[in-house]
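Chain by chain, the residues run as shown.
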2 protein chains.
Amino acid sequence: MAARRGRGGRRARIADRGPANPQLPFRQPRLHWLPVRAIPDDGVEAIHEASLKVLRDVGMDMLHLEARTLLGREGADVDPDSARVRFDPEMVTELVGHAPRSFTLHARNPAHSIRLGGNHLAFAAVASPPHVSGLGRDRRTGNRDDFRQLVRLSQHLNAVHLHGGYPVEPTDLHPSVRHLHATHDLLTLSDKAIHTYSLGRQRTLDTIEMARIARAVTDEELESQPSLFTVVNTSSPLRLDTPMIEGILEMSARNQPVVVTPFTLAGAMAPVTVAGALVQQNAEALAGIALTQAVRRGAPVVYGGFTSNVDMQSGAPAFGTPEYLQAALVGGQLARRYGLPYRSSNANASNAVDLQATYESMFSLWGAVMGGANLVMHAAGWLEGGLRASFEKMVLDADLLQMICTALEPPATDGGSLAVEAIADVGPGGHFFGTAHTRARYRDAFHDPLLSDWSNFETWDEAGRPDPARRTETLAKELLSAYEKPPMDIAVREELDDFVARRAREGGVATDY
Amino acid sequence: MAARRGRGGRRARIADRGPANPQLPFRQPRLHWLPVRAIPDDGVEAIHEASLKVLRDVGMDMLHLEARTLLGREGADVDPDSARVRFDPEMVTELVGHAPRSFTLHARNPAHSIRLGGNHLAFAAVASPPHVSGLGRDRRTGNRDDFRQLVRLSQHLNAVHLHGGYPVEPTDLHPSVRHLHATHDLLTLSDKAIHTYSLGRQRTLDTIEMARIARAVTDEELESQPSLFTVVNTSSPLRLDTPMIEGILEMSARNQPVVVTPFTLAGAMAPVTVAGALVQQNAEALAGIALTQAVRRGAPVVYGGFTSNVDMQSGAPAFGTPEYLQAALVGGQLARRYGLPYRSSNANASNAVDLQATYESMFSLWGAVMGGANLVMHAAGWLEGGLRASFEKMVLDADLLQMICTALEPPATDGGSLAVEAIADVGPGGHFFGTAHTRARYRDAFHDPLLSDWSNFETWDEAGRPDPARRTETLAKELLSAYEKPPMDIAVREELDDFVARRAREGGVATDY
C-alpha cells in the first residue's frame, strides 16, 4: 500500500538536534529469543562426531613442544617424530567440559566491562586490516594516526562495546615495539576492554602487564578478573602455529580469555561443503579449546566460528553469503552443544561502503544474532574482506548495531502499552497524534537512527538528493569531534608510560625484519 | 582476520557467463527453522485478549449493510443507527477457527501455483505505487508502459513468485477500465498468480471472470481452486470501507483468498506503542477475517500484518525500523496462534536504491522470514515508502530473495558432505582446491549472486570502481531483454480479449472522476 509522507522529515530534526547525533547508552543487548536451529540436532551430532573422528585419526599439527607435552600428559597421542597430535575423543570432551559457560571481561572503566556468554551480546570494533579509508581520504596503508582516530571513534560509539584488536595496523610503528605503543594508545584513548595479539610469548606478557597497570590491580586480581582477550586463529587445515600456541599458554595460564577461531574457507583451506567446513572448524576449535583447559582448567575460552566460502571461479573469499549465514547459525548450535560462549563476525567482501557492503553485513549480523553469538568481532568498520578499516563503515555499522539493540528489547505488553483505553478514546476513524497516551510516550517511543532519511521525495530532492553513504562521512567527523578522552589516574598513566618507555628502550621484542 | 583475495574475481565470471545472469529455479522456499518468538506466549495472549476487548467494547465501523447483516446473524451487536458493529469474543474465535491453515493459489501456469501456509514462503512483486523510476529514467508518474515492463521483469525473475497487484499504477488507463486492461496485461504477459484490487463489486467480478478464462476452468472449478487473491486494508483505526467489504463479499463467496491487512502506523492511525498498535492490528484483522468466514465458512484468508511507526517529529512513516521488525515477528506469533497463513512485507522508506533502502529492506525481510511469514508482499521493487516502484530495487531485492532462498535450505550433513575422508586426505597444512571431493562438487557448491563483486581492490579500482547501485540498472535491462512471453492457448486469448473488449465497450465500471 502507498503511504503518505509528512513534510520536512529527517532533515529538520537533525538541524534541531545539533551536530551530535543521539546514541543509545552503552549497554550489551541480550537475546531473549531462542537462537535459530538451522539444522536438526542429529545434524549437529553428526558434525560433532565427524570432528572428533578427524581429531582422533588425523589429528592436528601443534607447532609447540610445550603444548604437545601438555596434551600428551592429558592422554593425547603425540608423534615424537613430528608435530602431530591425535586427540582421544573422551579426552577432548572432558577437557572442553571444564571451560566456563560465561565470564566477565574487565575494562579499565568498570562501566565498560563485558559479559561473555549466556544470552549477552558484545560488539567488537574491526580488527587487523592493513589498509584504511575514510574521513575524506582514499584507501591508504594503515598508520598510527588513523589507528588512533579509529580507537577514538570506537571509544565514542556506544554500540561498540570493546576493541577487537588494532582497528587498523599502525604499520609506521616497528613490529618490535608496535604492541607497546598501540596498546598504550588503546588503554589511554579508550577505557573499553582490549584484545592482545597472540604473536609470541613476550608480546603477550607485555600487554598483560599493561592491562594490569591500566586497571591498577595486582597479578592475583588480574587472574581472577580477566582483563584482556586474545583471538587464536588456527592455520587451517589442522594446524596451530607457534605464536598462537604461545598466546594460549600465557593467556590461559593467567586465566585470560582466548577466542579460538578457525578461519575455514570452504573450497580453499576447508572442504567445499558447509558441513565439511564446519567439521574442520569444529575439530580445530575443539583442539584449541582443549589446549586452553590443559593449560588451566576453567580458563575462559570462546568457541569461534568463521566459516565462509570462496568464489570457486576466482578463489576470492566471500562473506555474508548464504553459506556464511548457515555456518554462523550452525556454529552457534555447536558452541551451545559444548556450553561455550560463541564468537561470530560482521563480515563483507565489498570494496566500498555501498549496497553490497550493507547487505553482506546484514546477512552476517543476522547470522550472528540469530546464531546466538555472544561476541561479534569486526562488528563495526570492516570492509574489503577484512583488508580495510573504514570510518564510514564503522558509522553505518554502529547504526545497524543500535537498531539491532533496540529490536532485541522485547516490546512491553503491560496495560499501558496495550493501549486499550487509548484505542477506545480515539475510536473508529480517529487519529492518535494528539492523544494523552501518545503525548505521554512519543519522545522515547521509537528508535532514532543515525542515517535514515525519512523525508518525502520533494524535500529530499530539494536537498540535493543526499546519499546516505556520504552522510556516513559527515557523521564520522561529527562523532569524532564529540569524542572525549576518558580520564586516567595520573599515577597509573605514569606507570604505563614508564613501562612502555622501558620496554621500548630494551628494544621491545626482537624481530628479524 | 585479513583474507587474501583472488585475482580477477567476479568480473571475469560475468564475462564468461554472457549477459544473462543465473537465477535459481522458480521454487517456494520453506522455513525449516522455528519462527522467532519475540515476546513470550503470555504477551501474545495479552495482545489477543486486549484486541477481543476492543472488538467487544468499541467495535468496528463496517461501512456496508450486507456485512453488518451477515455479522448480526452470527451474533454480533449491530448498532441500527450507525455502521458500528461490536463483536462477541466467542463469535470471533469461532468464525476465525473455520479458516483453513493453508491453501493453494493457482496460477494459470500450474508450475507457478503457490502454496500459502505452513512453512511455505511466497514472494510477491511490489504493488500499487503511483510513481516509478529506473531503466535510466528519473522518477515519473505510473503509466502502462512501465507497468508492463515491471510485469515482464516480475515474470522473468524466478525469485518473484506472484503478482501482488499492479507493480505501478498505470494512471494513463482510465479508472473505469483500468482493471480490465491491467489484468489483461498481467494474465497475458505473465503466467504467475495474480491479485485483484477490492475496489467495489463490479471490478472484483470482472477480474474473477478474467482469471477463470485465463485458467480455462469452470465457475465450479474456480471455486475449488483459488485463482486470484485480494488484499483488504482496513481504514485504521477500526473501520472497514465499502469497496473493501465488497471485495470480501465477492471473493470469499467464491472461495477466493482474502489477505486482511490493517495498516497500523504506530503514533498516527494506531497507538504509539508497538503492543498497542498490534492490539489494533489484531482487532482489525480478526474483524475482517471473521467477516470472510461469515460470508463462507472455510474461505481462504490470510492474516496480514503491517505495523510500523512514524517519525514522531515529522509524521513521516518509517519502515524497516526496529519497531517494524518487532511487529513483524509478533504478527507472526499472532497469526500462528490462530492457525492462519501470515502476510508480511519488504518495506523501506528510502528515496533511492541506496544504503538505507538496503538495510531497511533487510530488516523487513528478516522480520518476515524469522516471523514465519508465508506471503511477503512488496518483496521486490518497493521504494519510497511504497510511493514508488523501482526496476533497480526489484533487481536488488531479487538478489536478496535468492540469497534467502539458498540460506533457508538446511545444509546437508550426510557422509559425503561431512568430508571426513577429504579432510584426512588433505591433512594439516594442505589445500582443498584440487581435491576429488572439491572437484566433484565445486560447480554447484555455492550460491551465485547477481550483484556481489568479489574482485580484489586492484581489479575493482582498475575497472573504474563499479557501483552495485548502477549495476542494478544494467541487470534490469539485461533481465528484461531475456524475458519471454509465456504461451497462452489461442482460444483462451481470444476469449480474454473479447471479454475485455466487451466490458470496455460497456464503459467498464462507472466512476465519478
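On a predicted model such as this, the values are computed, not experimentally measured, just so you know. (Residues numbered from 1 in each chain as written. Chains lettered and ligands numbered in written order. Predicted model: local features only at pLDDT ≥ 70, side-chain atom pairs only at ≥ 80, totals over all residues. Heavy atoms only, no water.)

Peer 1: Explain the nonpolar core to me, please; I cannot follow it from the model alone.
Peer 2: Nonpolar side chains in soluble globular proteins tend to be buried together. F87 of chain A together with F87 and W366 of chain B are the most contacted members of the largest nonpolar core, which totals 313 residues. Ignoring sequence-local partners within four residues, the contact set of W366 of chain B consists of M362, L365, W366, V369, M370 and I404 of chain A together with L325, L329 and G371 of chain B. (Core = buried A, V, L, I, M, F, W, Y, C linked by side-chain atoms within 4.5 Å. Buried < 20%, exposed > 50% of the residue type's maximum accessible area, 1.4 Å probe, protein only. Contact = heavy atoms within 4.5 Å.)

Peer 1: Which parts of the structure should I look at to understand the relation of the copies chain A and chain B?
Peer 2: Copy one and copy two of the chain differ by a rotation about a common axis and a shift along it. By a simple turn and slide, chain A fits onto chain B: the slide is 0.0 Å along the axis, the RMSD is 0.0 Å, and the turn is 180°. Taken together, the rotation angle and the small translation identify this as a two-fold axis. Proximity to the rotation axis, assessed at the C-alpha, singles out L355 of chain A in chain A; its C-alpha lies 2.7 Å from the axis. Comparing interface residues between copies, 100% of those in chain A also sit at the interface in chain B, which points to an isologous, same-surface contact. (Least-squares fit on C-alpha atoms with pLDDT ≥ 70 in both.)

Peer 1: Sorry, what's going on with the interface of chain A and chain B here?
Peer 2: The figure often quoted for interface size is the accessible area lost as the parts come together. In this assembly, 134 residues from chain A lie in contact with 137 residues from chain B. Taking both partners together, chain A and chain B bury about 11400 Å²; carbon and sulfur atoms supply 71% of that area. Two residues, R465 of chain A and D138 of chain B, come together in a salt bridge whose shortest N-O distance is 2.8 Å. The interface formed by chain A and chain B contains 30 residue pairs in polar contact (both at pLDDT 80 or more). Sorting elements by how many residues they give to the side of chain A that touches chain B places helix α12 (residues 355–370) of chain A first, with 11 residues. Residues of the side of chain A that touches chain B, tallied by class, amount to 74 nonpolar, 35 polar and 25 charged. (Buried area = accessible area lost by both parts, 1.4 Å probe. Salt bridge = Lys/Arg side-chain N within 4 Å of Asp/Glu carboxyl O. Polar contact = N/O pair within 3.5 Å; in protein donor to acceptor, adjacent residues only side chain to side chain. Helix = DSSP H or I, 4+ residues; strand = E, 2+ residues; numbered from the N terminus. Nonpolar A, V, L, I, M, F, W, Y, C, P; charged D, E, K, R; others polar.)

Peer 1: What's the story with the sheet that holds strand β15 (residues 306–310) of chain A in this structure? I'm lost.
Peer 2: The strands that make up a sheet are held in pairs by hydrogen bonds between backbone atoms, and each pair lies either parallel or antiparallel. All names here are of chain A. Taking strand neighbours across the sheet as the criterion, the 3 strands line up as β13-β15-β16 in an open arrangement whose pairing is mixed. Single-partner strands in this sheet number two, and they are β13 (263–266) and β16 (317–318). Pairing analysis gives 2 bridges linking β15 to β16, with the strands arranged antiparallel. Within the sheet, the bridge partner assigned to N309 lies in β16 and is A318. Those strands touched by helix α10 (residues 274–295) are β13 and β15, and its axis lies near 170° from that of β13. (Pairing = 2+ DSSP bridges. Axes fitted to C-alpha atoms, helices over the stretch in contact; angles between N-to-C directions.)

Peer 1: What exactly am I supposed to notice about the confidence of the model for chain A here?
Peer 2: Close reading of the predicted structure is inappropriate where its pLDDT is low. Residues and elements named next belong to chain A. The predicted model of chain A averages 95 in pLDDT, with 96% of residues at 70 or higher. Across residues 1–20, where pLDDT falls below 50, the model places 63 contacts with residues more than four positions away in sequence or in other chains. Across the interfaces of the predicted complex, the ipTM metric reaches 0.95, alongside a pTM of 0.96. (pLDDT = per-residue confidence, 0-100.)

Peer 1: Looking at this structure, I do not really get the pairing of strand β14 (residues 301–304) of chain B. What am I missing?
Peer 2: Moving residue by residue along a regular strand, the side chains alternate between the two faces of the sheet. Residue and element names in this part refer to chain B. Burial along β14 is two-sided: the residues V301 and Y303 and V302 and G304 are all buried. When strand β12 (residues 258–261) meets β14, the two strands line up parallel, connected through 3 bridges. The residue bridging V260 from the neighbouring strand is Y303, located in β14. Note that β14 and strand β17 (residues 342–345) share 2 bridges and pair parallel. Counterpart to Y303 in the pairing with β17 is Y342.

Peer 1: Would you explain the packing of helix α13 (residues 391–408) of chain A against helix α19 (residues 468–481) of chain A in this entry?
Peer 2: Two quantities define a packed helix pair, namely the angle between the axes and the distance from one axis to the other. Residues and elements named next belong to chain A. As a packed pair, α13 and α19 sit with axes 8 Å apart at the nearest point and diverge in direction by 85°. If you check the angle between α13 and α19, you find them roughly perpendicular. Touching F391, E392, V395 and L396 of α13 are T472, E473, L475, A476, L479 and L480, all from α19. In terms of residue class, the contact of α13 with α19 is made up of 7 nonpolar, 1 polar and 2 charged. (Parallel < 35°, antiparallel > 145°, perpendicular 65-115°, else oblique.)

Peer 1: Would you explain the sheet that holds strand β17 (residues 342–345) of chain A in this entry?
Peer 2: Residues and elements named next belong to chain A. Within the open sheet, the 7 strands sit side by side as β6-β18-β17-β14-β12-β10-β9. Their pairing is parallel. This sheet does not close on itself; its edge strands, each paired only once, are β6 (122–125) and β9 (194–195). Here strand β10 (residues 228–233) runs beside strand β12 (residues 258–261); their pairing, made up of 4 bridges, is parallel. From the neighbouring strand, T230 faces β12, where its bridge partner is V258.

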